[in-house]
Structure formats: structure tokens, C-alpha cells
There are 2 protein chains.
Amino acid sequence: MTQERARGRRDPDRRERIIAACLDVIAGSGVAGTSHRKVAAAAGVPLGSMTYYFSGMDELLREAFARFATSVSDEFERAMAAARTPAEARAALIALITDTVFDSHRDLVLSHELYTLAAREPAFRDLTNAWMARSRAALERHFDPATARMVDALIEGLTIHRALDTEPQDPRTVAAAVDRILGGA
Amino acid sequence: MTQERARGRRDPDRRERIIAACLDVIAGSGVAGTSHRKVAAAAGVPLGSMTYYFSGMDELLREAFARFATSVSDEFERAMAAARTPAEARAALIALITDTVFDSHRDLVLSHELYTLAAREPAFRDLTNAWMARSRAALERHFDPATARMVDALIEGLTIHRALDTEPQDPRTVAAAVDRILGGA
DNA sequence: ATGAACCTTGTACAGTCGTACACATGAGTG
DNA sequence: CACTCATGTGTACGACTGTACAAGGTTCAT
């Protein structure tokens, strides 16, 4: 598998570990509170490794969020691909909104951190674009393109409101909203 | 109007100016890049004024985002209150999504910065809660509570996708999505 | 064994940060 | 006038930042 093990690499996947640690630090302290030193400590590597493996903070953040986006994207694609009938697709969507995605606080925080960067810097917007394109493609396995876009937006909004609201989200309202969006198709 | 003009205030609304400047700095550099010095420079006040008017960075950010949230909230409420018939409400919603809200890049960036803070810190989640509660209340002038929630979420998602997507949003898709959500009411 | 090429690390530097605080300055009161 | 006190400000401090880089290790081909 992962045994390219290039030339004399003493710690072959140190780079990966740094990226993973970077996401942990971001989830805990936000992009604002993320520093080379904190990430190095979290990854268990010396500070010098930071500048060796990454040209700078920007590269580190870009790679970390790229990994995050594709991993969330993968999960979504898998869930939608598993659905075989329209009814299963509907159920998968509702489950995705009410449970899985952002079930962990971590994913919620990381998503928003990424959105925030994407809102300002084009380099990160490329990541969110790719993410959204994959989501739409996954939805188009089951729905027409226009409906796919609507569903994608609805998921986004419901998920955010679920995360940012104090009172819990009513699953029946979620199901009803999905049905209304799908119903018109 | 604003002439409380307490005791010998030499610069009566300096506090307001600092808050406004803070939002500008955040919009331009992000919360991560916002510092007392940058805000002071943007507001045209000496650094010492920062610690004089605000107990610390947290208080400054909280007040700045509180002001931002209520101002966006005000605009939304006004737009919904202006609608007299269901048809007008529908049109107002579509206009809100495709034009007004987040028309300026500034509002988009600030919203996401706030969401990001809210995702991590309860103090900021209070702001987003109040914001969402007001939005729902404004929508309930025209729609039943469940529909209001759905519409609110849909607006959120469509707005975000519009902002973070490269290809432009099709207004007809937006209108169709709104109609589907409203249609089931 | 020799050397080249890469991997790894500790430390140093210049800069920015939040915050504190002693001092100046003005307005209001008597 | 002088007295009081909130308002306003310049500067200094320690902590932390990103980044550079010289020095030391390890691996591999020769």
C-alpha cells in the first residue's frame, strides 16, 4: 500500500502525521490559533520539520483542508452510492442531515473554518468548489441536476442551522423539507 | 438622537467608530488577522484607546459581531415586513437570495467569520441564535412555523452555495426551490 | 570507503501580538 | 480660580509568531 518509502526516509509518513495534527489543532483552536509550534507539538515532531515539509503556513493549511474536504466528500459519495432506490436515497439524505455529517463537533468546526477561508481566498474556494461539485455529482445519481442543486443547498442550510441552533432540530421537519424539495421533481 | 454626550466626552462616539473599524478589519483580514493595532489604525485612534474602551479582544469581537448580526437581521426583517401578500413574500425571498443578502462580499465574509466563532464558542452562538430566531419570526409573518424553518435553512444553503460556487446561480433554480418548499405548506 | 543527496533538528532572528500602566489633558463643579 | 475625576495616550514588556539556516545524521550509489 503506502510503502513507496522513497529514498532513505526515516519517518516515511511524517508529512501525513503533520497534516493530521494540523486538522486537530485547527479543530481545537481555530485557524486563528494555529501555529507551527502547536502543530509540531501535536504531531510530535520538532519545529524544524514544519519548514522542511511545508513551504509555509499557507501550504500547510491548504493541504490540511484539501484532505479534510476530500474525506468528507468521500463519505458523502459513499452514502449516496449505497442507495439503490429513490426511497433509499431519500432515507440516506435525511440520515445524513440528522445524524452523520457534522455529528462530530470537529467536522462542523473544520467546515466553517474552511468556508471562512474560501470566502476570502480563491485558493481555498477551489477546494469548496470541488467539494460541491462532487456532492452534486453524487446526488445526480438519483435526481435531476436542478433537484440535486436544491438538495445540496438544503442539506447545507439544515446542517448549519442544526449546529448553530440551541433548540434541537425536529427530524420530522427535516424529512418534510426533503420531501418537499424532492416532491416537485 | 445620539446626544447622550455623557460627561466631558471629547470624542463621544469613538467607541462606535472602533467597532465599525473592527468590522472593516475583520472583513479585510479575517478574525485571525485582526489586531488591536490594525483596528486602532483603521479607526484613527491611538492604541491606548483599545484597552480603554474594551476590556480585551473578546469584548471587542463580541460587540462588533453583535452589531453586525442585528444590522443584517434588521434588513431581513424589514424586507419581510414590507411584503403584504404571499406572492410578495415569495418574491421578497427570491430577491433576498439572489441579490440583496451577501450582495456585498463584506457581509458574506463577516457572516462566515461569525459562524466559525459560533461553532466553537457559546458566547458567539448566542448571537447566531438570536439572529436565527429573528429570521424565523419574520418568516412566520407569512408562513407556518415549520415552513418558516425550512425556508430559513434553504436561504442559508442557497446563499452559501451562491457565494462559494464559481459558476453563477440560476435564478430559476432558486425560484423553483422556494416554490417547492412553499408549495407543500 | 568516499561522496553526494537527502533527511532532521536546534536555535536564532526580527517582527507582531495583547495588555498594562504611568502620565497628560481636558471638562465639570465648587 | 483650583480641585476632581473621567477621558485619552505613548510606551514598555513578555510572550508568541513565521521563517531561515547552519550543523549533524542517515541512506544509497559508487
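About the thresholds
- Residues numbered from 1 in each chain as written.
- Chains lettered and ligands numbered in written order.
- Predicted model: local features only at pLDDT ≥ 70, side-chain atom pairs only at ≥ 80, totals over all residues.
- Heavy atoms only, no water.
- Helix = DSSP H or I, 4+ residues; strand = E, 2+ residues; numbered from the N terminus.
- Buried < 20%, exposed > 50% of the residue type's maximum accessible area, 1.4 Å probe, protein only.
- Contact = heavy atoms within 4.5 Å.
- Areas by Shrake-Rupley, 256 points an atom, 1.4 Å probe, with all protein chains shown as cover.
- Lys, Arg positive; Asp, Glu negative; His and termini not counted.
- Charge placed at Lys NZ, Arg CZ, Asp CG, Glu CD.
- UniProt positions renumbered as here; feature names shortened; annotations may be inferred.
- pLDDT = per-residue confidence, 0-100.
- Salt bridge = Lys/Arg side-chain N within 4 Å of Asp/Glu carboxyl O.
- Buried area = accessible area lost by both parts, 1.4 Å probe.
- Polar contact = N/O pair within 3.5 Å; in protein donor to acceptor, adjacent residues only side chain to side chain.
- Nonpolar A, V, L, I, M, F, W, Y, C, P; charged D, E, K, R; others polar.
- Expected span 1.5 Å × (residues − 1).
- Axes fitted to C-alpha atoms, helices over the stretch in contact; angles between N-to-C directions.
- Parallel < 35°, antiparallel > 145°, perpendicular 65-115°, else oblique.
- Left-handed = near helix turned anticlockwise from the far one by under 90°.
- Near = heavy atom within 4 Å.
- 1 Å grid on protein atoms, 1.4 Å probe; cavity = no way out; pocket = protein on both sides within 12 Å on 5 of 7 lines; lining within 4 Å.
- Points joined across faces, edges and corners; volume = space filled by probe spheres on them.

Of regular secondary structure, chain A possesses 9 helices and 0 strands. Going residue by residue from the N terminus, the α and β elements of chain A occur as α-α-α-α-α-α-α-α-α. Principal-axis analysis of the C-alpha atoms places the extent of chain A at approximately 55 × 40 × 25 Å. The buried share of chain A, taken over its 185 residues, is 49%. Across chain A, the fraction of contacts at a sequence separation of at least 24, relative to all contacts at a separation of at least 6, is 67%. Carbon and sulfur atoms make up 52% of the accessible area of chain A, which amounts to about 8,900 Å² in all. Between the averaged position of the 24 positive side-chain charges in chain A and that of its 26 negative side-chain charges there is a distance of 6 Å.

We now examine the UniProt feature "DNA-binding region" (unreviewed entry) in chain A. Cross-referencing UniProt, the feature "DNA-binding region" (unreviewed entry) maps to residues 35–54 of chain A in the present numbering. Between the first and last C-alpha atoms of residues 35–54 of chain A the distance is 13 Å; the span itself is 75% helix and 0% strand.

All names here are of chain A. Per-residue pLDDT for chain A has a mean of 91; in total, 91% of the residues score no lower than 70. Mean pLDDT across the secondary structure elements of chain A bottoms out at helix 5 (residues 86–100), with 92, and peaks at helix 2 (residues 36–43), with 98. Between residues 1–6, whose pLDDT stays under 50, and residues either more than four places distant or in other chains, the model counts 1 contact.

This part takes up the pattern of salt bridges. Considering all chains together, one arrives at 28 salt bridges over all chains under this definition. The shortest N-O distance in the salt bridge between D74 of chain A and R134 of chain A comes to 2.8 Å. Taken as a pair, D74 of chain A in helix 4 (residues 57–82) and R134 of chain A in helix 7 (residues 122–139) lie far apart in primary sequence, 60 residues in all. Given a relative accessible area of 32%, D74 of chain A falls into the partly exposed group. Three or more residues are tied together by salt bridges with common partners; here these are R136 and R149 of chain A together with D165 and E167 of chain B.

Listed as interface residues are 45 residues of chain A and, on the opposing side, 45 residues of chain B. With both chains or domains summed, chain A and chain B bury close to 3,800 Å², and 61% of this area falls on carbon and sulfur atoms. At the boundary of chain A and chain B, one finds 10 salt bridges. Scanning the region where chain A abuts chain B turns up 25 residue pairs in polar contact (both at pLDDT 80 or more). Counting residues per element, the ones that place at least two in the side of chain A that touches chain B are helix 1 (14–29), helix 6 (105–120), helix 7, helix 8 (145–164) and helix 9 (171–183) of chain A. Among the residues making up the side of chain A that touches chain B, the classes are represented as 21 nonpolar, 14 polar and 10 charged.

Now for helix 8 (residues 145–164) of chain B. Given a rise of 1.5 Å per residue, 20 residues ought to cover 28 Å, and the 29 Å separating the end C-alpha atoms of helix 8 of chain B matches this to within 8%. Within helix 8 of chain B, 15 of the 20 residues are buried, which leaves the element mostly enclosed by the surrounding structure.

Helix 9 (residues 171–183) of chain B packs onto helix 8 of chain A with a crossing angle of 65 degrees between their chain directions and a minimal axis gap of 10 Å. When the axes of helix 8 of chain A and helix 9 of chain B are compared, the pair comes out roughly perpendicular. Handedness of the helix 8 of chain A/helix 9 of chain B crossing: right-handed. In this structure, helix 8 of chain A uses A146, T147 and M150 of chain A to contact helix 9 of chain B, whose residues at the interface are T173, A176, A177 and R180 of chain B. Its residues assigned to classes, the contact of helix 8 of chain A with helix 9 of chain B comprises 4 nonpolar, 2 polar and 1 charged.

Attention now goes to the protein's contact with DNA strand D. The environment of DNA strand D is formed by 22 residues, the closest being R37 of chain A together with D11, R14, Y52 and Y53 of chain B. In the interface set of DNA strand D, defined as its atoms within 4 Å of the protein, sugar plus phosphate atoms amount to 64%. At a separation of 3.0 Å, a phosphate oxygen of DNA strand D approaches a polar backbone atom of H36 of chain A. One nitrogen or oxygen atom from the main chain of D11 of chain B is found 2.9 Å from a phosphate oxygen belonging to DNA strand D. Breaking the surface near DNA strand D down by element, the ones donating at least two residues are helix 2 and helix 3 (47–53) of chain A together with helix 3 (47–53) of chain B.

In this section: the environment of R136 of chain A. Structurally, the position occupied by R136 of chain A is in helix 7. Using a relative accessible area of 8% as the deciding quantity, one classes R136 of chain A as buried. Each C-alpha atom, one on R136 of chain A and one on V151 of chain A, is 8.7 Å from the other, the two residues being 15 residues apart in sequence. Polar side-chain contacts of R136 of chain A include one of 3.3 Å to the side chain of E167 of chain B.

If you add up the space inside the largest pocket, you get close to 480 Å³. Of all the secondary structure elements, the ones that give two or more residues to the lining of the largest pocket are helix 4 and helix 6 of chain A together with helix 4 (57–82) and helix 6 (105–120) of chain B. Residue classes in the lining of the largest pocket are distributed as 12 nonpolar, 8 polar and 8 charged.

Attention now moves to the environment of E121 of chain B. Within the secondary structure layout, E121 of chain B lies in the loop between helix 6 and helix 7 (122–139). C-alpha separation for the pair E121 of chain B and G44 of chain B, spaced 77 residues apart in sequence, amounts to 30 Å.

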